Amino acid sequence: MEHAVETTLTVNGTRVTRSVAPRVHLVDFLREELGLTGSHIGCEHGVCGACTVRVNGEIVRGCLMLAVQADGCTVETIEGLSDSKELAPLQKAFHEHNALQCGFCTPGMLMAAQDLLRGGKKTRDEIRAHISGNYCRCTGYQAIVDAIEKVMHGQG
Amino acid sequence: MKAPAFAYAKAKSLVEAFDLIERPGAKILAGGQSLIPSLNMRLAAPELLVDITGLKDLTVIDVRPNGLHIGALVTHAQLEKSDKVAKHVPLLAQAVAHVAHPAIRNRGTLGGSLALADPAAEYPACALALNATIVLAGRRGERRVSASNFFKGLFETDIRPGEIVAGAEFPKVDRSIFLELARRQGDYAIVGLAGVADASGKRIAFLGAGATPVFAALASRAVSLNAALEVLDRDLDPPADLYHSSATKLHLARVLLSRAWNTLSKPH
């Protein structure tokens, strides 16, 4: 019964078809099958946000979606959004504000922050609420909020 | 951790889903935002996951004579953005902001939350306050269960084998308020309140205050805030959690009741 399921999805613009065991979640699939190791695995139960990726344009937890469920979906990862330069202003602002130390949370943090930037201007409280599902154990968030705010107000 | 091995099938129709969920060890997968963590932590070990997210009939939000029908597969994010929900069931629109985080709201569903019946979750308490009707689909047709009969115990509902939550119907009320206290934005509630009121009176339910969402019958009928605060300990006996004693939770429930009372008491 636990046979692999043929799954076709578009990842960062490239169509891929693989035979996937149902138990494999999306971020393991991206990392191990496709070698896209920019999306990180932290808690594997939806708490830390390190695995945040976009599916059909919306951010999701990569550890809380099975790879087989992504059949027919468009997936974008930190690699794709870096290459397309969509994240360039945020990446620059994170760098300038020291909005990371170890950097483990950063790919997920950037995915979540970019999701917010697509929705127009927000207050600092709203920024904090939006990234509340992305844990950073180094920075205390202040510099991250600063960086996001700067880009939001067009100074990134 | 990694999930144990299981088989996967995506149902193309309700009829196919009924066939699939009768197989041994089958479990329904909708948004997966509670089920997949429980698999990853190996708290659940189904043999087959039946993915129902392809069932388009369960994705509608529809104004009906008895109230607003919301399909089981409507996600938190869709609910959050829906004008119909904001207009007809503002209680849910207020509650959804407290449901986890944006990335989770993009996949988690109304039906999943009701079917899981987590006592700390938002929608079960809203359903109870509104006395919503849960619509269950089965081979022999639809069965409709009021929220007050639906939540039976800790993670236990009136769903019978072979049934799938198809959606829920939420009646329109004049006033509503949803309040929640959590350690951080998006965390599970320490305690929360879903309250509604119209000409027939108030209906106040609490989350995080028992094994199920709890309807505060005595406080709802009280003539004044002071009277309601007085009787709340007869409505609620909240179990302690890792951080909060039962007495703290009861205190916090009273805090929320005080904050909600004026909104629910405006003249009709």
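Small disclaimer: the values here were computed from a predicted structure and weren't measured.

With that settled, consider the domain arrangement of chain B. Residue and element names in this part refer to chain B. Once the domains are mapped, chain B shows domain 1 (7-51), domain 2 (56-170) and domain 3 (175-263). If you average the C-alpha positions of domain 1 and of domain 2, the two centres end up 19 Å apart. Counting residues at the interface gives eleven residues for domain 1, matched by 15 residues for domain 2. Looking at the side of domain 1 that touches domain 2 element by element, the count peaks at four residues for helix 1 (residues 14-21).

Right, let's talk about the environment of A:Leu30 for a bit. Residue and element names in this part refer to chain A. With respect to the helices and strands, the residue leucine 30 is situated in helix 1 (residues 26-33). The exposure class of leucine 30 is buried, given the 26 C-beta atoms found within 10 Å. For the pair leucine 30 and alanine 88, spaced 58 residues apart in sequence, the C-alpha to C-alpha distance is 22 Å. Apart from the residues within four sequence positions on either side, leucine 30 is in contact with Val11, Leu36, Ser39, Val53, Gly62 and Thr77.

This part covers the pairing of strand 11 (residues 175-182) of chain B. All names here are of chain B. Two strands pair when backbone bridges link them, and strand 11 and strand 12 (residues 189-198) are joined in this way by eight bridges, in the antiparallel orientation. From the neighbouring strand, phenylalanine 178 faces strand 12, where its bridge partner is alanine 194. With antiparallel pairing between neighbouring strands as the criterion, strand 11 and strand 12 make up a hairpin whose turn holds six residues, including glycine 186 at a positive phi of roughly 90 degrees.

Taken together, the contact pairs 28 residues of chain A with 28 residues of chain B. Contributing elements (two or more residues each) for the side of chain A that touches chain B: strand 4 (58-61), helix 4 (106-117) and helix 5 (124-130) of chain A. A total of four residues in the side of chain A that touches chain B trace back to one element, the largest contributor, which is strand 4 of chain A. The residue makeup of the side of chain A that touches chain B, split by class, is twelve nonpolar, ten polar and six charged.

Time to look at the nonpolar core. All names here are of chain B. Counting 140 residues, the largest nonpolar core has Cys126 and Phe206 as the members making the most contacts within it. In terms of residue count, the dominant contributor to this core is helix 12 (residues 246-265) (eight residues). Each residue touching phenylalanine 206, except ones within four places of it in the same chain, is listed here: Ala125, Val191, Gly192, Leu193, Pro213, Val214, Ala216, Leu236 and Ala253.

So, on to the domain arrangement of chain A. Residues and elements named next belong to chain A. Splitting chain A by domain gives domain 1 (5-81) and domain 2 (86-152). The C-alpha centroid of domain 2 is placed 21 Å from the C-alpha centroid of domain 1. With 13 residues of domain 1 at the contact, the number on the domain 2 side is 14 residues. Take the side of domain 1 that touches domain 2: its biggest share by element is three residues, from strand 3 (residues 52-55). Broken down by class, the residue content of the side of domain 1 that touches domain 2 amounts to seven nonpolar, five polar and one charged.

Examined against the element boundaries, B:Pro4 turns out to sit in the segment before strand 1 (7-10). Given 14 C-beta atoms within a 10 Å radius, B:Pro4 is considered partly exposed. As a C-alpha pair, B:Pro4 and B:Val135 span 131 residues in sequence and 32 Å in three-dimensional space. Excluding anything up to four places from it in sequence, B:Pro4 contacts A:Arg23, B:Arg42 and B:Ala45.

All names here are of chain A. The alternating pattern of strand 1 (residues 5-11) places Val5, Thr7, Leu9 and Val11 on a buried face, while none of Glu6, Thr8 and Thr10, on the opposite face, is buried. As defined by bridge partners, strand 1 adjoins strand 2 (residues 14-20) across seven bridges and the pair is classed as antiparallel. Counterpart to threonine 8 in the pairing with strand 2 is threonine 17. In this structure, strand 1 lies alongside strand 5 (residues 74-76), joined through two bridges in parallel fashion. Bridge pairing links valine 11 to valine 75 in strand 5.

This part covers the sheet that holds strand 1 of chain A. All names here are of chain A. Strand order in the open sheet formed by five strands is 2-1-5-3-4, with mixed pairing between adjacent strands. At either end of the open sheet lies a strand with only one pairing partner, and these are strand 2 and strand 4. Strand after strand, the sheet turns through a mean of 40 degrees between neighbouring axes, direction not considered. Lying on the sheet, helix 1 is in contact with strand 1, strand 2 and strand 3; it crosses strand 3 at an angle near 100 degrees. Sheet contacts for helix 4: strand 3 and strand 4; angle to strand 3, the most-contacted strand, approximately 45 degrees.

What counts and what doesn't
Residues numbered from 1 in each chain as written. Chains lettered and ligands numbered in written order. Predicted model: local features only at pLDDT ≥ 70, side-chain atom pairs only at ≥ 80, totals over all residues. Domains from an automatic or database assignment. Contact = placed C-beta atoms within 7 Å. Helix = DSSP H or I, 4+ residues; strand = E, 2+ residues; numbered from the N terminus. Buried ≥ 20, exposed ≤ 12 C-beta atoms within 10 Å, placed from the backbone. Pairing = 2+ DSSP bridges. Nonpolar A, V, L, I, M, F, W, Y, C, P; charged D, E, K, R; others polar. Core = buried A, V, L, I, M, F, W, Y, C linked by C-beta atoms within 7 Å. Axes fitted to C-alpha atoms, helices over the stretch in contact; angles between N-to-C directions.

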